[in-house]
Each structure stands twice: as C-alpha cells, then as structure tokens.
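# Working through the structure, step by step
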Amino acid sequence: MKDLQSSIQKWIMQKEYQSFDCFLINQMGYTIENKDDMETRKKAYREFCEKISPLNPASVPTMRRWFGIGGYSVPDRESVFAICFALGLDEKQTERFLVEGLKEPSFQINDYMEIIYLYGLEQGLTQKECDDMAAEYESRLDIDISFCRTHSTHELKKQYQVKKDLPPDEFLVWMIENAKYFKGYSQTVLDYFSRYKKLILDSMREDAEIVLQMLLEETEYFQWKRRRFIHKTNLETIRRYIYSKKEIDDGLRTSILEMAQVVYSEHRPNSLFIRELFSFNYEVLFNIVKERKLFRMTEKRMSDLLGIAVQRERQMKSLFGIQALEKMDGDALCPETIQSLISELDSSSGISPKISAARAGEWLKDYLKKQKRRCLLLQRGDILPMVIYMVQRDYLKNISYDMDKYNAIEAISYFEEVANATLSTCDMAPLNREYELDALFYLCFQETEMYSLADVLDIFENERLLAK
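A few points on the structure. (Residues numbered from 1 in each chain as written. Predicted model: local features only at pLDDT ≥ 70, side-chain atom pairs only at ≥ 80, totals over all residues. Heavy atoms only, no water.)

### Quick notes on the overall build of the protein chain
Helix and strand content of the protein chain: 24 helices and zero strands. Dimensions of the protein chain, computed from C-alpha atoms along their principal axes, come out at roughly 75 × 65 × 45 Å. Considering only contacts within the protein chain whose residues lie at least 6 apart along the sequence, 68% involve residues at least 24 apart. Accessible surface, the protein chain: about 23800 Å² in total, of which carbon and sulfur atoms supply 49%. Separation between the mean location of the 65 positive side-chain charges and that of the 76 negative ones in the protein chain comes to 4 Å. (Helix = DSSP H or I, 4+ residues; strand = E, 2+ residues; numbered from the N terminus. Contact = heavy atoms within 4.5 Å. Areas by Shrake-Rupley, 256 points an atom, 1.4 Å probe, with all protein chains shown as cover. Lys, Arg positive; Asp, Glu negative; His and termini not counted. Charge placed at Lys NZ, Arg CZ, Asp CG, Glu CD.)

### Description of helix α8 (residues 127-139)
In this model, α8 (13 residues) spans 18 Å end to end at C-alpha, consistent with the 18 Å of a helix rising 1.5 Å per residue. Of the residues making up α8, those classed as buried are C130, M133, A134, Y137, E138 and S139. Where α8 is buried, its residues contact α5 (77-87), α7 (112-123), α10 (168-177) and α18 (308-326). (Expected span 1.5 Å × (residues − 1). Buried < 20%, exposed > 50% of the residue type's maximum accessible area, 1.4 Å probe, protein only.)

### Quick notes on the packing of aromatic side chains
Taken as a whole and judged by the stated rule, the model has 24 aromatic pairs. Ring geometry for F415 against Y442: centres 6.2 Å apart, planes inclined by 80 degrees, an arrangement best described as edge-to-face. In this pair, F415 sits in helix α22 (residues 408-425) while Y442 sits in helix α23 (residues 436-442), placing the two residues 27 residues apart along the sequence. The pair formed by F415 and Y442 is uniform in burial state, with each residue classed as buried. Among the aromatic residues, those joined into a ring-pair cluster are Y112, Y119, Y137, Y160, F171, W174 and F182. Seen from the ring of Y192, R195 lies directly overhead, with NZ or CZ sitting 5.1 Å from the centre. (Phe/Tyr/Trp six-rings, centres within 6.5 Å; stacked < 30°, edge-to-face > 60°. Lys NZ or Arg CZ within 6 Å of the ring centre and 35° of its normal.)

### Side note on empty space enclosed by the protein
One pass over the full model with this rule turns up two cavities of 30 Å³ or more. A volume near 100 Å³ is recorded for the largest cavity. Lining the largest cavity are 13 residues, and of these Y185, S186, V189, L377 and L378 sit closest to its centre. Its volume calculated, the second largest cavity comes out at about 30 Å³. In terms of lining residues, the second largest cavity is bounded by F147, R149, K183, Y185, A309, R312 and E313. Its residues placed into classes, the lining of the second largest cavity shows three nonpolar, no polar and four charged. (1 Å grid on protein atoms, 1.4 Å probe; cavity = no way out; pocket = protein on both sides within 12 Å on 5 of 7 lines; lining within 4 Å. Points joined across faces, edges and corners; volume = space filled by probe spheres on them. Nonpolar A, V, L, I, M, F, W, Y, C, P; charged D, E, K, R; others polar.)

### Comments concerning the nonpolar core
Core analysis: the biggest nonpolar cluster contains 80 residues, and F273, F415 and F445 have the highest contact counts within it. The dominant element in this core, judged by the number of residues it contributes, is helix α11 (residues 187-217), at twelve residues. Those residues in contact with F415 that sit more than four places away from it in its chain are V387, I388, V391, L431, F441 and F445. (Core = buried A, V, L, I, M, F, W, Y, C linked by side-chain atoms within 4.5 Å.)

### As for α7
Between its terminal C-alpha atoms α7 stretches 16 Å, which fits the 16 Å expected from twelve residues at 1.5 Å a residue. Most of α7 sits inside the fold, with nine of its twelve residues counted as buried. Every buried residue of α7 is accounted for by Y112, E114, I115, I116, Y117, L118, Y119, G120 and L121. Turning to α7, the residues buried within the fold contact α5, α6 (91-101), α8, α9 (153-163), α10 and α18. Capping the start of α7 is the job of one residue whose side-chain oxygen sits 2.9 Å from the backbone nitrogen of M113: D111. G124 lies just past α7 and shows a positive phi near 75 degrees. (Polar contact = N/O pair within 3.5 Å; in protein donor to acceptor, adjacent residues only side chain to side chain.)

### So, the packing of helix α2 (residues 20-27) against α6
At their nearest, the axes of α2 and α6 sit 10 Å apart, and the two run at 150 degrees to each other. Relative to α6, α2 is oriented roughly antiparallel. Along this stretch, α2 crosses α6, giving a crossing that reads as right-handed. Here F20, F23, L24 and Q27 of α2 come into contact with α6, specifically with R96, F97, E100 and G101. (Axes fitted to C-alpha atoms, helices over the stretch in contact; angles between N-to-C directions. Parallel < 35°, antiparallel > 145°, perpendicular 65-115°, else oblique. Left-handed = near helix turned anticlockwise from the far one by under 90°.)

### Here we look at the pattern of salt bridges
Summed over all chains, the structure comprises 22 salt bridges. Here D382 and R301 are joined by a salt bridge, their closest N and O atoms 2.8 Å apart. A residue pair is termed long-range when its members are at least 10 positions apart, and D382 in helix α21 (residues 380-398) and R301 in helix α17 (residues 299-306) qualify at 81 residues. For R380, the salt bridge goes to D438, with nearest N and O atoms at 2.7 Å. In this pair, R380 is assigned in helix α21 and D438 in helix α23, connecting sequence segments 58 residues apart. Judged on exposure class, the residue R380 and its partner D438 are both buried. Salt bridges here are not isolated pairs; linked through shared partners, they connect R77, E104 and E114. (Salt bridge = Lys/Arg side-chain N within 4 Å of Asp/Glu carboxyl O.)

### Comments concerning the side chain of S203
For S203, the location among the structural elements is in helix α11. A distance of 2.7 Å separates a polar side-chain atom of S203 from the backbone oxygen of I200. Once residues within four sequence positions are removed from consideration, S203 is found in contact with Y389, M390 and R393.

### Brief notes about the packing of helix α3 (residues 38-52) against α5
Relative to each other, α3 and α5 sit at 70 degrees, their axes nearing to 8 Å. With respect to their mutual orientation, α3 and α5 come out roughly perpendicular. Between α3 and α5, the residues in contact are F48, K51 and I52 and I83, A86 and L87, respectively. Here the residues of the contact of α3 with α5 sort into five nonpolar, no polar and one charged.

### Examining the environment of V263
With respect to the secondary-structure elements, V263 resides in helix α14 (residues 250-264). A residue is classified by how much of its surface remains accessible, and V263, at 6% relative accessible area, is buried. It is 5.0 Å that separates the C-alpha atoms of V263 and R205, two residues lying 58 residues apart in sequence. Look past the residues within four positions of V263 in its chain and what remains in contact with it is R205, A208, E209 and L212.

Rendered as structure tokens:
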C-alpha cells in the first residue's frame, strides 16, 4: 500500500499535466515551464486577443481564466466553437481543440448544430452565417418529427463527405431530408456506456452472490428454509427470515440485506454501481469533483446519460415548438399540436387549453433552458472508469486470481489495448499519461500490486484530509 500512497502523493503534487490552459497557451505559440509562469500566460493571452479581434467569444475575465490568469476555468463546448471561429481555424484545428483541449469527443456529426459548424469551418463561413443556417434548419422542421435511434453516425459521415461541397441552401435541403438522423447524440457511445454498465452490474451480482452465500452460512437460514419446505431463495424469502430472527447482529443483518438487494432486485439503484466503481466512501466523489474536477458521476448524471435519447428528443421538440409559435400572432390561440406537446413534456404543467401562442412560447423557452442542462455529452471520464473496472476483473480471471502472477507491464498493456479501442470507436482521445485523469488510472497499476479505482480514490481522500 505504501507504493500507492507514494504515487498518489506525487500525482497530487504534479503540476505539469496537460490542462486546457496549457493547450491554449501552446496554440498561441508559447510554452509554460510551470504553473506559476504568469508572464508567459499574459503574453499568450495578449496574442489571443490580437488574433480574435474584434470578436469576443466571452467576457474579458472569463477569457483570462482560460489562460489561468486570475483564476482557472475551462470553456464549454459552445465556447470552444466560438473560439475556433474567432481564430479563423479550420476543421482539423477545431477538432484538436475538442479532442485534445477539452478531451471530449470530436464533432458530433449527428448533432445538427455541430455538422453545420463542421460544414462552415470547411467552407470558410463565419459563425454568424452558420447560426443563421441553423435557425433556418430549425424553422423548417415538423414538430412531429420522429428521430431514428439507430447507429447512423458512420453513414452520416459518408454522406457528409459527398454533400459537404454543396452550396449552403442545398446542404440545408439535404439536412432537412435526413433530419430524423440528427438526434444530437451518438448511439454508438451510448451503447458502449450501457453495455459496460450491464457487464459491471452482472459482475457485481456474481460477487454479491458469493458473499451472500457466505453471510447466510453464518446464520441458520438454510436449516430454517428446509424446515419450511422453501425451495427457492429470493429477496422476499431472505427478508422474511432476517426480520423474524431478532438475535442476528445488526451489522450482519444489514450486510445480508444489501447483498440480497444486489443479487435479487431487478432495479438496483445507481448508488450501488457508483460506489462499486469509485469508492466505498461515497463522500470521496464529491471531494474529487469539487477539488480536482476529474469525476462528475452522480446518480442524477448517470440517469440523464442513460436517458439521453429521451432528453434530446424533448429538447429538439421544445425547440421546434418555439420556432412554430414565433411565426404566429402572439395573441392567437395556441395550436392543439403545441398544447399536446406541452402536456407530453410535462403532464403537470397546468397549461390552460385557451393559452395564447405568446404564453405557450414563454413556457417552452423556460422548459428548454432547463432541459439543456439535462442533455449531457458522454465523455472519456464517464467511460474510462468502467473500462478499467472490467479490464482489471478480466485480468484477475486470466491469472486465476493469483497475484503472484501479476505483471504490471502486462496489465497496463491490456488496459491500454481495451481503453484505446473503445475511445477510438467513440471518437475520443487515446490514453495519455500527460492528462491528469489518465495519470490517475495508471496509478491503479503499481509494480507489485494492482489496485481498484475505488482504492486509489479512498487513499486520495485520506491524503487530502491529512493535508488539511
């Protein structure tokens, strides 16, 4: 354990990870020797201001923080597109900002806004011209559109290569004809996320079944079951037994019920999954989010990610509803189609059947603002913890759970092979030890011992508390 503690201490003190400020400074032609090199930061910022003039992608204090001046912040995806347009970059350079700078997926070809930006960057259009194209696209779509939940990204990429040299009006016609495919998320990435979650839950169930058997053997459960001619063990049977035996220790009772819940319940809460992956100390997750900005996985985030298809569809339909209402007289009666949409989006909205078009538009705009926060983008930090969990589990099986056979180089190589294959398919940056997040994963593979991510985070939490 000392080897891991020492490695974590070095990781905490490390200051040269490739963060967004370092990336942006490098794009301006400068390199900072250390985090405290404020003079270079200011030179790079001045260079940036000269290049984007007269455009400003954000407020001055915000842009300064992108360079680590007066604080530190990372722009969101929309701001990165604004930066790239302001700098006059092409599509390849913009892709680097997304993948290497933000460490997020490349252009989301199935998102109508991003494919328009990709088209605009290749054609030398301004961001305003692209935004105007997007507004025209939105205004010409039917509110009853049904999105296709299939793996359409590869086909869209092929079609885009054929259509990208069309003039803007013809390119929009192609987009409108294929609108059902611009659903705003990658089905491939979502499938990977869902598949990994299922594999992990299945493995949790296998492990919990073994532990549950051992715990029940500490009681008289099996004798009790035979005396009552009960042939099948399930959650209800275990509960009946546990609550009928007051003499069972409270700690043992709690452990049995928890393991039984994992083994037999069809609807296991996301909290169990998150705890298994990230830490047995649930508070660690909050501290990591707050202080290191590495993980953002919470029960709500996981729920929103798994429901991204529904969330995106609601976002798009509310947007198209707004566009339809803006063409109407504000005092006119809201059409039944829009009223039905509002009821579909929120059955408890309390909207009157006689609501005006203007009032319905206000309701949809307010809904859209809230809905955007639920439409998340699956990222490396969401998928890699799942990958390392399954890789370590498979590796342990391959060496028959005999840690005397453990080989750190071999285990790391296996992790890199699986992780990079997954990341490549998801259009995400490959593993890089210079990324702070990736460096944390490599800590799991010490020279003589392999640790889970949960182990690493627990020790990180202890080191954080000791440093206070």
